[in-house]
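Given next are the chains, with one letter for each unit.
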Amino acid sequence: MDKRIALVTGATSGIGEATARLLSRNNFKLVLCGRREERLVKLSKELSSFTELTTLSFDVRDQNGVIKAIQSLPESWKKIDVLVNNAGNAHGLSPIQNGDVEDWNQMIDINVKGLLYVSKEIMNGMIERKSGHIINIGSIAGKEVYPNGNVYCASKFAVDAITKGMRFDLNPYGIKVTSINPGLVDTEFSLVRFKGDEERAKNTYKGLQPLVANDIADLILFALTRPAHVVVADMLVLPVAQASAAVVRRDS
Ligand code: NDP
Ligand code: 8X3
C-alpha cells in the first residue's frame, strides 16, 4: 500500500513530536510543522531512516504565512491524506477577572483561529479527492470547564464545536473527522502555561502519574489505522489518577 501523507502541526514538541516519531515507523510520509525550525530539521533528520519527510516552519496565527507555507509544498507533497491539528497551548491559569488580554489573544488565535487557517488550506484538496482524515486534538478542557481554566477551556470548547461542525459539513465527501481529548499529559504544555516557571510546571504533575505524549500518539495511530468504513469520532483519555478536569488523586 502507498504511504499516506500526514501533516502534523506542533511537531516540535510533546504530542506532535511523539506522533511524528510513531507515524514515521508506520507507513506515513510526514510534513512536520512548527515555529522552531531547528527542532523540525533535527527531527526530520532523525526520522529520515524510517520515511520521507519535509518540514514547514510557520506560525499558525499568521493566515498569510499558513497559506504561503502550505502552498509552497512540492507537487508530490500536496496531496495531504491526514491532517493532525495539534498545535496549541494554554497561556496562564488565573481567575478570569485577573486574566491577561495578551494570554487570551494567544489562546484564541493559536488554538482556534490557527486550527481553522490550517484546516482551510488542506480541506479543499480532501474534498476534491473525496478522501482524507482530520484529527483535532481537543482536551478534557473542551468538555468541562475548571476553575481558572476560563479562556483556555473556551478555546478547547471551540475546537470541540469545530470538530462537530467538520463532521457534519465534510460528511458528504467521506472525510473522516476524529477528536482526541486528553487529560493531563506531561509535555512542554505546563512550562508554556506558566511562562517558563519550571517549579510550577513540575507541580502540575506532582504526586500522580500523568499521561505521556506517546500515549496520545498511540491513539492517533489507532484512529488512523481503522478500516475504511470506521471512524473513531471522539475519545476522552485520562491518567488513571484523574477523574475529571478538576478532580485528581495525588499521593501526598
Ligand atoms: P507542547 O507545548 O509540548 O507542544 C505544543 C506544540 O504546539 C509545539 O510543537 C509548538 O511548536 C506548537 N505551537 C504552539 N504555538 C504555535 C504557533 N503559534 N504556531 C505554530 N505552532 C505552534 O504541548 P502539548 O504537546 O501538550 O500540546 C499539543 C496539543 O495538545 C495542544 O493543542 C494542547 O492544547 C493539547 N492538549 C495538551 C494536554 C496536556 O496536558 N499536555 C492535554 C490536552 C490537550 P512551536 O513552539 O515550535 O511553534
Ligand atoms: C490540557 C489539560 O487539564 O491542563 O488541555 O486543561 S488541562
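Throughout what follows, the structure given in this document is the object of discussion. The structure presented is a predicted model; accordingly, all values stated were derived computationally and were not measured.

Side note on the sheet that holds strand E6 (residues 176-182)
Taken together, seven strands build an open sheet; the order of strands is E3-E2-E1-E4-E5-E6-E9 and the sheet is parallel. Where the open sheet ends on each side, the last strands, each with one partner, are strand E3 (53-57) and strand E9 (234-237). Across this sheet, the average inter-strand angle for adjacent strands is 15°, counted without regard to direction. Bridge analysis of E6 against E9 gives four bridges, and the strand direction is parallel. Looking at the pairing, Pro182 lines up with Val237 of E9. The strands touched by helix H8 (residues 213-224) within the sheet are strand E1 (4-8), strand E2 (28-34), strand E4 (82-85), strand E5 (133-137), E6 and E9, with E5 carrying the most contacts at an inclination of about 155°.

With respect to the site of ligand 1
Near ligand 1, the surroundings consist of 30 residues, among which Thr12, Ser13, Arg35, Tyr152 and Thr187 are the closest. Thr187 places a polar side-chain atom, nitrogen or oxygen, 2.6 Å from an oxygen atom of ligand 1. Starting from 880 Å² of accessible surface for ligand 1 in isolation, the protein chains cover 97%. Of the pockets mapped on this structure, ligand 1 occupies the largest pocket. At the level of elements, helix H1 (14-24) and helix H5 (150-169) are the ones that each hand at least two residues to the shell around ligand 1. In terms of residue class, the shell around ligand 1 is made up of twelve nonpolar, twelve polar and six charged.

Regarding the packing of aromatic side chains
With the rule as written, the count across this model stands at one aromatic pair. It is Lys29 that lies over the ring of Trp77; its NZ or CZ is 5.2 Å from the centre.

Quick notes on unusual backbone geometry
With phi around 75°, Asn27 is a residue other than glycine that occupies positive phi space. Turning to its location among the elements, Asn27 is positioned in the loop between H1 and E2. Despite not being glycine, Lys195 has its phi angle at roughly 50°, a positive value. If you trace the backbone, Lys195 turns up in the loop between helix H6 (189-193) and helix H7 (198-204).

Considerations on the environment of Thr187
Take Thr187: it is sitting in the loop between strand E7 (185-186) and H6. Judged by its relative accessible area of 21%, Thr187 is partly exposed. When residues no more than four places from it in sequence are discounted, the contact partners of Thr187 are Gly14, Ile15, Tyr205 and Ala213. Separated by 3.0 Å, the side chain of Thr187 and the backbone nitrogen of Phe189 make a polar contact.

A closer look at the site of ligand 2
Near ligand 2, the surroundings consist of Ser139, Ala141, Tyr146, Tyr152, Gly183, Phe189 and Arg193. One nitrogen or oxygen atom from the side chain of Tyr146 is found 2.6 Å from an oxygen atom belonging to ligand 2. At a separation of 2.6 Å, an oxygen atom of ligand 2 approaches a polar side-chain atom of Tyr152. The pocket occupied by ligand 2, as judged from atoms lying within 2 Å of grid points, is the largest pocket. Its residues placed into classes, the shell around ligand 2 shows four nonpolar, two polar and one charged.

Things to note about the nonpolar core
In terms of nonpolar packing, the biggest core is built from 33 residues, with Phe28, Leu30, Leu32, Ile180, Ile216 and Ile220 touching the most fellow members. If you list the elements that add at least two residues to this core, you get E1, H1, E2, helix H2 (37-47), E4, E5, H8 and E9. Take this core: its biggest share by element is eight residues, from H8. In this structure, Ile220 is in contact with Ile15, Thr19, Val84, Ile135, Ile137 and Ile180, ignoring residues within four places of it in sequence. Ranked by size, the runner-up nonpolar core spans 29 residues in total, among them Leu83, Ile110, Met126 and Val159.

Rules behind the numbers
Within each chain, residues carry numbers counting from 1 in the order of the written sequence. Whichever chain is written first becomes A and whichever ligand is written first becomes 1, with later ones labelled in order. Only residues with pLDDT of at least 70 are given local features in this predicted model, and only at 80 or more are side-chain atom pairs given and counted; all residues enter the totals for whole chains, interfaces and linings. Hydrogens and water molecules were not included; the side-chain quantities draw on all heavy atoms of the structure. In this scheme, strands are said to pair when DSSP sees at least two bridges between them. Helix and strand labels come from DSSP, where a helix needs a run of H or I of at least four residues and a strand needs a run of E of at least two; each type is numbered from the N terminus. Here the axes come from fitting lines to C-alpha atoms, over the contacting stretch only for helices, and the angles between their N-to-C directions go from 0 to 180 degrees. Contacts between residues were defined by any pair of non-hydrogen atoms, one from each residue, lying within 4.5 Å. Think of it this way: one heavy atom of a residue within 4 Å of a molecule or strand is enough to make that residue near it. Throughout this description, a polar contact denotes any pair of N or O atoms lying within 3.5 Å of each other; where both atoms belong to protein, one of them has to be capable of donating a hydrogen while the other can accept it, and for residues adjacent in sequence the pair is counted only when both atoms sit in side chains. For every accessible area listed, the method is Shrake-Rupley and the probe measures 1.4 Å; residues are considered covered only by the protein chains on display. Lining residues are those with an atom within 4 Å of a point, where the points come from a 1 Å grid over the protein atoms alone and group into cavities, where a 1.4 Å probe fits but cannot get out, or pockets, open sets with protein on both sides within 12 Å along at least five of seven lines. Placement in a cavity or pocket follows one criterion, namely that more than half of the molecule's atoms lie within 2 Å of its grid points. The classification used treats Ala, Val, Leu, Ile, Met, Phe, Trp, Tyr, Cys and Pro as nonpolar, Asp, Glu, Lys and Arg as charged, and all other residues, Gly among them, as polar. Each pair of aromatic rings taken from Phe, Tyr and Trp, with Trp reduced to its six-membered ring, is defined by centres within 6.5 Å and is described as stacked if the planes are under 30 degrees apart, edge-to-face if over 60, and tilted in the remaining cases. Look at NZ for Lys and CZ for Arg. If either is within 6 Å of the ring centre and within 35 degrees of the ring normal, a charge sits over the ring. Remark: exposure states derive from per-residue accessible area (1.4 Å probe, protein chains only) relative to the maximum for the residue type, with buried under 20%, exposed over 50%, and partly exposed in between. Residues grouped as a nonpolar core are buried Ala, Val, Leu, Ile, Met, Phe, Trp, Tyr and Cys residues, joined through side-chain atoms within 4.5 Å.

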